[in-house]
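Observations on chain architecture
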Amino acid sequence: MNLIQELQERNLIQDIMPGTEEQLEKEMTSAYVGFDPTADSLHVGHLLPITLLMRLQQAGHKPYALVGGATGMIGDPSGKSAERNLLDLETIQKNCDGIRSQLEKFLKFGEQEPNAAVMVNNYDWFKEYSFLDFIREIGKLITVNYMMSKDSVQKRLETGLSFTEFTYQLIQGYDFYYLFNSHDVRLQMGGADQWGNMVTGTELIRKKGNGGEAFAFTCPLITKSDGTKFGKSEGGNVWLDPARTSPYLFYQFWMKLTDVDAERMAFIFSFKPVEEIRALIMEHQQMPNQRKLQKALAEEMTEMVHNKEELALAQEATEILHGKAPIEALLALNEKQLLEVMDGVPQVTAVKDALNEGVDLITFLADRGVFSSKGEARKMIQNGGVSINKQKVTGIDFIITEEHLLNDHYMLIQKGKNYTLAIFS
């Protein structure tokens, strides 16, 4: 199975130019994907273009990652309902540096490999390109009618489209033309909303590329079964940077996928063979309550984005908070591990000195907002719905003392299935 056939098996091809498959079969081909430097970290939504480049490199082709230092100063109107705030050069450079450090985890860079990955920044070729030279040399090749026909333009005509955004497709098109001429990049890959911009690039190459051929294909945009955008959780974006989204929360993002979404995402993101994924789905369907598909996907993605050690910690945290891990597992965590495990768990603060004489648990839970009232806290305790450090509270006269603190400063409160971390300072 060649690369295009495998991508089609995984439902990852939406639009494709004739001859693309033949080009990839004929020779090692350089191909690129663009990354918009709107933040100094990529997020789960970027995993599709990342894995596209990984699959391309594994198939023996040469991946180029283009970071839009120049286009990031303009803003792509594709899929946007309004013009976004423009970033300054210093912020964009910081974001580009962060993106490069992350991409180095997924792609093989280094000149020792014939198909080593290359990262380029389009600011490098645009910073000295004057506006007059650009409109003389490039602008005259693409008509306004052609640009107006693109979906990214049509969808913004009612709300308004600035000239800055209108020119974006020319800028992105020139990227392809530049890479084609200077690096022999023959293929551009991207999301379905980029098709118009990509075709503009192939049109420039056709008119100005000395007879060479260029190709492109797009992948369907990823949405969840409920229609919401993939890659977001209740707390916002699910980042690849562990400082923004901990490995535990990253792991949980995949664990919480619905069965329908997990099946789709397994084909899209997993590097397991297609037949193995189908077998795993069938096994999952027989015992869906075990969530084998979600676990397999969470394990593979967490290890790929982070590492085996962070995966093990995420699994341990999952067992402590959602599984049947004994209290000993919680007590064995040092302070750093405990805070990593509890990342994302709501927190309340309290004064440690108050524990010298003991604090009534019901009063504490109500005063700290864990429960709305003492009556609600008392009722939940009587019904066996409250635990302290994984141990069920059996009486309404429970007193908190320093003996209940983990690592001398923390206490884990469980209210039904929800947790709160109390921090005593």
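Structure: see above.
A brief report on the enclosed structure follows. (Residues numbered from 1 in each chain as written. Predicted model: local features only at pLDDT ≥ 70, side-chain atom pairs only at ≥ 80, totals over all residues. Heavy atoms only, no water.)

**Re the packing of helix H10 (residues 168-183) against helix H11 (residues 195-208)**
Just so we agree on the cut-off: Every axis in this analysis is a line fitted to C-alpha atoms, fitted for helices over the stretch in contact. Angles between the N-to-C directions lie between 0 and 180 degrees. For helices the rule is a DSSP run of H or I covering at least 4 residues; for strands it is a run of E covering at least 2, with both sets numbered from the N terminus onward. By definition in this entry, angles of less than 35 degrees are roughly parallel, angles greater than 145 are roughly antiparallel, angles of 65 to 115 are roughly perpendicular, and the rest are oblique. With the far helix as reference, a near helix turned anticlockwise by less than a right angle produces a left-handed crossing, and one turned clockwise produces a right-handed crossing. Contact between two residues is taken to exist if any of their heavy atoms lie within 4.5 Å; hydrogens are not considered. Side-chain classes follow a simple rule in which Ala, Val, Leu, Ile, Met, Phe, Trp, Tyr, Cys and Pro form the nonpolar group, Asp, Glu, Lys and Arg form the charged group, and the remainder, Gly included, forms the polar group.
Where H10 contacts H11, the two axes come as close as 7 Å, and the packing angle between them is 50°. Considering their axes alone, H10 and H11 lie oblique with respect to each other. Relative to H11, H10 is oriented so that their crossing is right-handed. Two secondary-structure elements touch here, H10 through Tyr168, Gln169, Leu170, Gln172, Gly173, Tyr174, Phe176, Tyr177 and Phe180 and H11 through Asn197, Met198, Thr200, Gly201, Thr202, Leu204, Ile205 and Lys208. Across the contact of H10 with H11, the residue classes tally to 9 nonpolar, 7 polar and 1 charged.

**Some words on helix H12 (residues 247-255)**
Test applied: For every residue, the accessible area obtained with a 1.4 Å probe (protein chains only) is divided by the maximum for its type, and the residue is called buried under 20%, exposed over 50%, and partly exposed between those limits.
The element H12 is largely enclosed, with a buried count of 8 among its 9 residues. Within H12 the residues assigned to the buried category are Pro247, Tyr248, Phe250, Tyr251, Gln252, Phe253, Trp254 and Met255.

**Regarding a nonpolar patch on the surface**
Just so we agree on the cut-off: In this scheme, patches are assembled from residues that exceed 30% relative accessible area and form no salt bridge. Like charges are connected within 9 Å, while nonpolar side chains (Val, Leu, Ile, Met, Phe, Trp, Tyr) are connected within 5 Å. Per-residue and other accessible areas follow the Shrake-Rupley method at a 1.4 Å probe size, with only the shown protein chains counted as cover for residues. The salt bridge definition used is simple: a Lys or Arg side-chain nitrogen within 4 Å of an Asp or Glu carboxyl oxygen.
Residues Phe131, Leu132, Ile135 and Phe163 make up a contiguous nonpolar surface patch of about 450 Å² in total accessible area. Residue contributions to the nonpolar patch peak at 3 residues, all from helix H6 (residues 131-137). Mapped onto the elements of the fold, Phe131 is located in helix H6. Residue classification places Phe131 among the exposed residues on the basis of a relative accessible area of 54%.

**Points about the packing of aromatic side chains**
Ring pairs (aromatic) are described by centroid distance and by the angle formed between their planes. How we decide: A pair of Phe, Tyr and Trp rings is counted when the ring centres sit within 6.5 Å of each other, with Trp represented by its six-membered ring. The angle between the planes then sorts it: under 30 degrees is stacked, over 60 is edge-to-face, the rest tilted. Charge over a ring is defined by NZ of Lys or CZ of Arg lying within 6 Å of the ring centre and within 35 degrees of the ring normal.
A full pass over the atoms with the stated rule returns 17 aromatic pairs. Here Phe126 and Tyr174 contribute two aromatic rings whose centre-to-centre distance is 5.3 Å and whose plane-to-plane angle is 55°, an arrangement assigned as tilted. Here Phe126 is found in helix H5 (residues 123-126), whereas its partner Tyr174 is found in helix H10, with 48 residues between them in sequence. Each member of the pair, Phe126 together with Tyr174, is buried. Geometrically, the ring pair formed by Phe250 and Trp254 is edge-to-face, given 6.1 Å between the ring centres and 65° between the ring planes. One end of the pair, Phe250, and the other, Trp254, are both in helix H12, 4 residues apart, so they sit about a helical turn from each other. One exposure class covers both Phe250 and Trp254, and it is buried. Taken together, Trp125, Phe126, Tyr129, Phe134, Tyr174, Tyr177 and Tyr178 form an aromatic cluster joined through their ring pairs. Between the NZ or CZ atom of Arg100 and the centre of the ring of Phe109, over which it lies, the distance is 5.2 Å.

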